[in-house]
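Observations on the model geometry
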Amino acid sequence: MDETVAEYIRRTVLKIPRDEIKTMLQKWGFLSEAQLETVNFHQIKENISQDVVHLCEENSADIKQAAVLDIIYNHIYPNKRIWSVYQMNKRGEETEVFDLTDFKKKFKSRLRSALKNVTINFREYEDNAIWIRIAWGTPYTKPNQYKTSYVVYHSQTPYVFISASVLKSNLPLLCQALVVASNYHDIREMELRSHSLNSLKDIVFKRYSQNFQSYYPRPLQERNVAPETADLRIIQENKSEKERIQRLNREAFGDGPQPKLEFAQYKLETMFKSDPKMDVLDKKEPFRCLVKFSSPHLLESLKSLAPAGMADAPLSPLLTCIPQKARNYFKIREKKGLLPESFVSP
Amino acid sequence: IITAWIFERVVLFLAGVFAHLELLEARAYEAAVKQEETEQQEEKLARLRARVQQLRLQRDELRAKLDLQEKGVRKGWLQTSGSELWCAPALRGGKLTKRGVCFCISTAYEGTYLDSYHLDLLTKPEVQIYRHSLPTFIPLQQIAKKYLQTDIRRFLTVLSDHLNAYVGRRYQADQLQVPVAAIEGTLQRNSLCNLLVFNYNVSSKSKAFPFHARLLYGDLCCSLPTEVVVSCTRKRTMWGSVWAEMAAAHTDLFRHVALHKAFSSFSSVGESLAGAL
C-alpha cells in the first residue's frame, strides 16, 4: 500500500471522535467485522489509527477507498466546512430525465479533459444527494488529498452546494464540469454561505416553515402551544403589546425552527444623510460601510430580538428577508425607485 | 318387594329422562341465543350496507355537482374592475391575503394524504408568485410562464397534477426501499422520481430469475412509467423462452400497475410461467 495512502487514512481516522470511529469504519465497509473486532477502540486515538492502517494494509487499500472514508467523515460532519450555494440556469424548457450514470460520466470526462491529475469520488445518499469529492493536482503533480473540494448536488434542482478548498483557481473548472454534466447552461454564485449545509438546503429547497395563511388547518404538531398556567394574581400590563410583537414575529419568521446561519453582511454604499447645517461629510460620495451580524444561530437570535425588548417589531425587512431571498450577503445602494425592494441589489 | 323394585327402576328411569330433557333444553336455549345473535349481526350488516349505498349516492351527487361547477361558466372566479383584480376565494381553498391570494395544494396517493404545499400569489399589478413551499425540482416557472397570467385555474390544475404525480411516484419508490423489499441492492432514483433503475429476483420452483429494470416516467403528470426496459442480469440459460416471456409480462405489468402492487403479483406470474415448462 502506498505510504501516502496510509498516512492519509491515519490522519482521517485521527479526525474522527474516538467514540464514532468504529461506526464510521463499519459504514465504510472496507474492513470486515472480524478485522474490526481485533482493534481496541478504547486506547488512545494514535494507537487506534495505527491499528486501522495496519488492517488497511492487509486489505491493500488504495486512494479511492481512502477517499470514500473521507466522504463519509464529511457527510457526518459537514459543519466543519463553509458551504456556498450556486445556482444553475437552463436555457431550454424541457425537463430532462436525470440519469445518474450519465451525470457521473460527463462530470469525470469534463474535469479530466482539462486536468488529468484529479481524484474524483462519488457517493449517493437516500435523500437524492450526490456527494462529489475532488482532490486537485496540477498538470505536473499528483492530486493533493489534503486540498479537496466537496460538491453536493440534488438531481433535477438548479442548486449546487460547494465547499471549495484553498485552491480557488480550480473553481471555474469545477463549475463548468457541473454545468455540462447536469445539462444546464450557466452557473452563478448566490450570496449565501454558512457552515450548516442542512440549513442552506432548507433555505433554497424551502423546507423551513414559512407562515402561509390558508384555509387548510396546519398539521397538529405545529399548533402545540402549551396552555398558559397563569397565576391570576399576576397581571400583564403590556399584554396587547406583547401579543402584537408575537404576531408580527410569527408573520416574519414563521412558527418552526429557523435555518442556521452564522453571518449576515451588509455592504452599504449609500450617501450619508446628515443635517445640512452640520456640514458633516459634505462630499457627494457614497459612504462605504460594512455591517456584519454574527451569531452561532443568527436567525433565531433575530427572532428573539423583538420579544426580548431589544428591537422594535416589526424588524427591518433587510433582516427578515434573509431566508426568503436566500442570501446573507447584501449590497445596499441608494434608493432609486419608490419600492423598497429595489433597495437591495441582486 | 317386586313392586318396590319396579318402583325404584321407574324412578331411576324418569330421573335419567329428566336429566336428558334438561340437557336438551339447555342446548335448545343456546341454539336460540346463537340464532338471535346471527340475526342481529345480519340486521346490522344490512343496515351498514344500506348506509354505504346512501353515502355512495351522496358522493356521486357531490361529484356531479363539482363537475358541473367546473364545467359551467364561473364569472365570479377572476374579475377585473378597473386596475384591480379580485378572486373568489372559495375555489381550491384559496385565502385572500393583504396583497393577493394564498393557496394550499394537498396531495394524496391511493387514498393516503401526503404532503401539502403552499403558494402565495400577488394580484397587483399582475398575478405573480410571491413565495411558495414547492420543491425546487417541480418545474414551477415553466408552468407559471404558460398559464399564470392567462388562466389561473388551469395553472393550479396543472401544478396540482405535477405535485400529485410526483408524490405518487415517490411513494412507489419509497415502498421499494423498505427493508423487506423485493429489490436486490440499491434503487437508483432521482429527485423527481422519474427514472428508477433497480435489480430484482423472481423465484419460483427453487429457481431464481434475476432481472434488471429501468423505468422512465416521461410524463411528469403521471405516476406510471412511459417506458419500461426489463433485461436479464446474467446470461440466459436453457430457460431462454420462459425468461423472455417473463420479461415481457413484467414490462407490461410495470407499465400499467403501480410498482408495489406489481411486485406483490410477481409470485403468481412467475409460478404460472415456470409451471408451463
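Residues numbered from 1 in each chain as written. Chains lettered and ligands numbered in written order. Predicted model: local features only at pLDDT ≥ 70, side-chain atom pairs only at ≥ 80, totals over all residues. Heavy atoms only, no water.

**Section: the overall build of chain B**
The cut-off we apply is this: Secondary structure elements are taken from DSSP: a helix is a run of H or I of four residues or more, a strand is a run of E of two residues or more, and numbering for both begins at the N terminus. Relative accessibility under 20% of the residue-type maximum defines a buried residue, over 50% an exposed one, and the middle range a partly exposed one, all with a 1.4 Å probe and only protein chains included. By the convention used here, residues are in contact when the closest approach between their heavy atoms is within 4.5 Å. For the area figures, the Shrake-Rupley method with a 1.4 Å probe applies, and any residue is considered shielded solely by the protein chains shown.
When helices and strands are tallied, chain B shows 6 helices and 10 strands. The burial tally for chain B puts 35% of its 277 residues in the buried class. Of all intrachain contacts in chain B linking residues separated by at least 6 positions in sequence, the fraction that spans at least 24 positions is 42%. For chain B, the exposed area adds up to about 17400 Å²; of that, 57% sits on carbon and sulfur atoms.

**Quick notes on the overall build of chain A**
Within chain A, the regular secondary structure consists of 12 helices and 9 strands. A burial count over chain A gives 44% of its 346 residues as buried. The long-range share in chain A, meaning contacts at least 24 apart out of those at least 6 apart in sequence, stands at 67%. Counting every atom, chain A has about 19800 Å² of accessible surface; 52% of that belongs to carbon and sulfur.

**With respect to the pairing of strand 4 (residues 100-109) of chain B**
Residue and element names in this part refer to chain B. Heads up, the condition is: Strands were regarded as paired on the criterion that DSSP finds at least two bridges between them.
For strand 4, the buried fraction is high: 8 of the 10 residues fall into the buried class. The pairing of strand 3 (residues 95-96) with strand 4 spans 2 bridges and is antiparallel. The partner of K95 across the bridge, within strand 4, is C102. Connecting the antiparallel pair strand 3 and strand 4 is a turn made up of 3 residues.

**As for the interface of chain A and chain B**
How we decide: Take the accessible area each of two parts loses on contact, using a 1.4 Å probe, and add the two losses: that sum is the buried area. Criterion for a salt bridge: a side-chain nitrogen of Lys or Arg within 4 Å of a carboxyl oxygen of Asp or Glu. Any pair of nitrogen or oxygen atoms within 3.5 Å is treated as a polar contact; in protein, a donor-acceptor pairing is required on top of that, and neighbouring residues in sequence qualify only through side-chain atoms on both sides. For this scheme, ten residues count as nonpolar: Ala, Val, Leu, Ile, Met, Phe, Trp, Tyr, Cys and Pro. Four count as charged, namely Asp, Glu, Lys and Arg, and the remainder, Gly too, count as polar.
Taken together, the contact between chain A and chain B spans 26 residues of the former and 32 residues of the latter. At the boundary of chain A with chain B, total buried surface from both sides reaches about 2600 Å², with 52% on carbon and sulfur atoms. Counting across the chain A and chain B interface gives 1 salt bridge. The residue D99 of chain A makes a salt bridge to R214 of chain B at a minimum N-O spacing of 3.0 Å. Applying the counting rule to chain A against chain B returns 6 residue pairs in polar contact (both at pLDDT 80 or more). Along the lines of polarity and charge, the residues of the side of chain A that touches chain B split into 10 nonpolar, 12 polar and 4 charged.

**Notes on the environment of S240 of chain A**
Topologically, S240 of chain A is positioned in helix 9 (residues 239-253). Separated by 61 residues in the primary sequence, S240 of chain A and V179 of chain A have C-alpha atoms spaced 53 Å apart.

**Notes on the UniProt feature "signal peptide" (unreviewed entry) in chain B**
Worth spelling out the cut-off: UniProt positions are given in the numbering used here, feature names are shortened, and annotations may be inferred rather than shown by experiment.
Per the UniProt record, "signal peptide" (unreviewed entry) is annotated on residues 1-19 of chain B. Summarising residues 1-19 of chain B: 95% helix, 0% strand, and an end-to-end C-alpha distance of 27 Å.

**Overview of the nonpolar core**
All names here are of chain A. What counts, and what does not: Each nonpolar core is a collection of buried residues, namely Ala, Val, Leu, Ile, Met, Phe, Trp, Tyr and Cys, held together in the definition by side-chain atoms within 4.5 Å.
Residues I9, W28, W131, F161 and V204 are the most contacted members of the largest nonpolar core, which totals 58 residues. It is helix 5 (residues 63-76) that provides the largest number of residues to this core, a total of 6 residues. When sequence neighbours within four positions are dropped, the list of residues in contact with I9 reads W28, V52, V53, C56, A61, A66 and L69. Of all hydrophobic cores here, the second largest spans 28 residues; its members include M88, F107, I134 and L171.

**A closer look at helix 7 (residues 171-181) of chain A**
Of all the 11 residues making up helix 7 of chain A, 8 are buried; the element is thus mostly covered by neighbouring parts of the structure. One or two steps after helix 7 of chain A, the chain reaches N183 of chain A, where phi turns positive at roughly 65°.

**Details of the packing of helix 1 (residues 3-15) of chain A against helix 5 of chain A**
Each packed pair of helices is defined by two parameters, the angle between the axes and the distance between the axes. Residues and elements named next belong to chain A. Convention followed: Axis angles are defined between N-to-C directions and span 0 to 180 degrees, where every axis is a line fitted to C-alpha atoms and, for a helix, only to the segment in contact. Angle categories: roughly parallel below 35 degrees, roughly antiparallel above 145, roughly perpendicular from 65 to 115, and oblique for all the rest. Handedness of a helix crossing follows the sense of rotation of the near helix relative to the far helix, less than a right angle counterclockwise being left-handed and clockwise being right-handed.
Relative orientation of the contacting elements helix 1 and helix 5 amounts to 15°, with a least axis distance of 10 Å. In terms of orientation, helix 1 lies roughly parallel with respect to helix 5. Crossing of helix 1 against helix 5: the hand is left-handed. Seen from helix 1, the contacting residues are V5, Y8, I9, T12, V13 and K15; seen from helix 5, they are I63, A66, L69, D70 and Y73.

**Some words on the side chain of S84 of chain A**
Its place among the elements puts S84 of chain A in strand 1 (residues 83-89). Discounting residues that sit within four places of it in the chain, S84 of chain A has contacts with V160, F161, I162, E189, L192 and R193 of chain A.

**Let's talk about helix 1 of chain A**
All names here are of chain A. Stated formally: One fewer than the residue count of a helix, multiplied by 1.5 Å, yields its expected span.
In this model, helix 1 (13 residues) spans 19 Å end to end at C-alpha, consistent with the 18 Å of a helix rising 1.5 Å per residue. Within helix 1, burial applies to V5, A6, Y8, I9, R10, T12 and V13. Contacts made by the buried residues of helix 1 are with helix 2 (21-28), helix 4 (45-58), helix 5 and strand 3 (129-136).

**Some remarks on the packing of aromatic side chains**
Residue and element names in this part refer to chain A. Definition in use: Aromatic pairs are defined between Phe, Tyr and Trp rings, using the six-membered ring for Trp, whenever the two ring centres lie within 6.5 Å; interplanar angles under 30 degrees are classed as stacked, those over 60 as edge-to-face, and all others as tilted. In this scheme, the term charge over a ring applies when either NZ of a lysine or CZ of an arginine sits within 6 Å of the ring centre and within 35 degrees of the ring normal.
Evaluation of the coordinates by the stated rule reveals 24 aromatic pairs over all chains. Summarising the aromatic geometry, the rings of F103 and Y153 are spaced 5.6 Å apart at their centres and angled 20° between planes, so their arrangement reads as stacked. Taken together, the residues span a long stretch of sequence, with F103 in helix 6 (residues 100-114) and Y153 in strand 4 (residues 148-154) at a distance of 50 residues. Residue classification places F103 among the buried residues on the basis of a relative accessible area of 1%. Ring geometry for W131 and Y150: centres 5.9 Å apart, planes at 70°, overall edge-to-face. Taken as a pair, W131 in strand 3 and Y150 in strand 4 lie far apart in primary sequence, 19 residues in all. Since its relative accessible area comes to 2%, W131 is described here as buried. The exposure class of Y150 is buried, given its relative accessible area of 0%. Sitting over the ring of Y146, R11 keeps its end group 5.0 Å from the ring centre.

**Observations concerning the sheet that holds strand 9 (residues 329-333) of chain A**
All names here are of chain A. With respect to topology, 3 strands assemble into an open sheet ordered 8-7-9, the strand pairing being mixed. Of all the strands in the sheet, just strand 8 (287-294) and strand 9 have a single pairing partner and so form its edges. Strand-to-strand, the axes of this sheet are offset by a mean angle of 15°, without reference to chain direction. By the bridge criterion, 8 bridges tie strand 7 (residues 263-270) to strand 8 in an arrangement that is antiparallel. Residue pairing across strands places T270 opposite F287, the latter belonging to strand 8.

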